[in-house]
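Structural overview for review
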Amino acid sequence: MEVRIEASWKEVLQKEFEKPYFHKLTDFVRQEYQTHRVFPPAKHVFNAFDRCPFSQVKVVILGQDPYHGPGQAHGLCFSVNDEIIKPPSLQNIFKELKSDLGMPPPSSGNLQRWADQGVLLLNASLTVRAYEAGSHQGKGWEDFTDRVVSILANDKSNLVFMLWGSYAQKKGLVIDSHRHLVLKSAHPSPLSAHRGFFGNGHFSKTNRYLQDHGNQPIQW
């Protein structure tokens, strides 16, 4: 099956694209784009992969659904397009970043600069209907992204996985914590951030681990 995705990911995931569930998923997604307003725009569905080639992945952050409001989602979890108001979870991520590393919140909520440095910003589901959170869950995306996590965990060493909230932590059960750094905390949502996201120090812990294993730290 022909999937428009960055070349190194295409090679790694080609067998997955040929599986029956993925054919069924793409039929569903294609129909949704034809009959409903769906986010992100179709050209950005695989943006997390396109911005962060397989060979360059150093850090993985797992989200759940794309944002479902107009102009927000562009294929990178927690990230929004330039000039879009930062959603509450992203505001809390920037608060923790300031607390951890002393960095003032950036003017833009676009995390593309992270992706370009090797941070895979991966949502469990890559599409969603406008204003309908979770509307594309259970259609096959989770199977696909589970496989992505498994391949990264098994084929690479010394990655950092940031697992924020119970959903991401369940998705990360396949990760060998002896082979990678697995960082867990509450989700940055306002409903849970005060239960362990604030003060988790994940950004500084990530950079120390990367440097200890001969990699460049992320310029958050």
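Located above this text is the structure these notes cover.
Residues numbered from 1 in each chain as written. Predicted model: local features only at pLDDT ≥ 70, side-chain atom pairs only at ≥ 80, totals over all residues. Heavy atoms only, no water.

1. Digging into the pattern of salt bridges
Should their charged atoms come close, side chains of opposite charge can pair. Summed over the entire model, instances satisfying the criterion amount to eight salt bridges. Across the salt bridge formed by Glu 16 and Lys 19, the nearest N and O atoms sit 3.0 Å from each other. On the basis of relative accessibility, which here comes to 6%, the residue Glu 16 falls in the buried class. Of the charged contacts, one joins Glu 16 and Arg 147 as a salt bridge, the two residues approaching to 3.7 Å between their closest N and O atoms. (Salt bridge = Lys/Arg side-chain N within 4 Å of Asp/Glu carboxyl O. Buried < 20%, exposed > 50% of the residue type's maximum accessible area, 1.4 Å probe, protein only.)

2. A closer look at the packing of aromatic side chains
Inspection of every chain in the model, using the stated rule, returns 18 aromatic pairs. Considering the side-chain rings of Phe 46 and Trp 141, the 6.0 Å spacing of their centres and the 75° angle between planes classify their relative orientation as edge-to-face. Pair noted here: Phe 46 is in the loop between strand 1 (38–39) and helix 3 (47–51) and Trp 141 is in helix 6 (residues 141–155), with a separation of 95 residues, a long-range link. Judged on exposure class, the residue Phe 46 and its partner Trp 141 are both buried. In this structure an aromatic cluster arises from ring pairing among Trp 9, Phe 17, Tyr 21, Phe 22, Phe 46, Phe 49, Phe 54, Trp 141 and Phe 144. Across the ring face of Phe 54, the terminal group of Lys 156 is positioned such that the distance to the ring centre comes to 4.7 Å. (Phe/Tyr/Trp six-rings, centres within 6.5 Å; stacked < 30°, edge-to-face > 60°. Helix = DSSP H or I, 4+ residues; strand = E, 2+ residues; numbered from the N terminus. Lys NZ or Arg CZ within 6 Å of the ring centre and 35° of its normal.)

3. A closer look at the side chain of Lys 171
The residue Lys 171 is located in helix 7 (residues 166–171) in this model. One polar contact links the side chain of Lys 171 to the main-chain carbonyl oxygen of Glu 142, over a distance of 3.4 Å. Look past the residues within four positions of Lys 171 in its chain and what remains in contact with it is Leu 62, Ala 124, Glu 142, Thr 145, Asp 146 and Val 149. (Polar contact = N/O pair within 3.5 Å; in protein donor to acceptor, adjacent residues only side chain to side chain. Contact = heavy atoms within 4.5 Å.)

4. Focus on the packing of helix 2 (residues 20–35) against helix 6
Helices that pack against each other are described as a pair by the angle of their axes relative to one another and the distance between those axes. Where helix 2 contacts helix 6, the two axes come as close as 9 Å, and the packing angle between them is 125°. Considering the angle they form, helix 2 stands oblique to helix 6. Remark: the crossing between helix 2 and helix 6 carries left-handed chirality. Across the interface between the two elements, Tyr 21, Phe 22, Leu 25 and Val 29 of helix 2 pack against Trp 141, Asp 143 and Phe 144 of helix 6. (Axes fitted to C-alpha atoms, helices over the stretch in contact; angles between N-to-C directions. Parallel < 35°, antiparallel > 145°, perpendicular 65-115°, else oblique. Left-handed = near helix turned anticlockwise from the far one by under 90°.)

5. Digging into the pairing of strand 5 (residues 160–164)
Within a regular strand, side chains alternate between the sheet's two faces. Strand 5 sits mainly inside the fold: five of its five residues count as buried. Residues of strand 5 alternate between two faces, with Val 160, Met 162 and Trp 164 on one and Phe 161 and Leu 163 on the opposite face, all of them buried. Relative to strand 5, strand 2 (residues 59–63) runs parallel, the two sharing three bridges. Across the sheet, residue Ile 61 finds its bridge partner in strand 5, namely Met 162. Direction of pairing for strand 5 relative to strand 6 (residues 181–185): parallel, over a ladder of five bridges. The partner of Trp 164 across the bridge, within strand 6, is Ser 185. (Pairing = 2+ DSSP bridges.)

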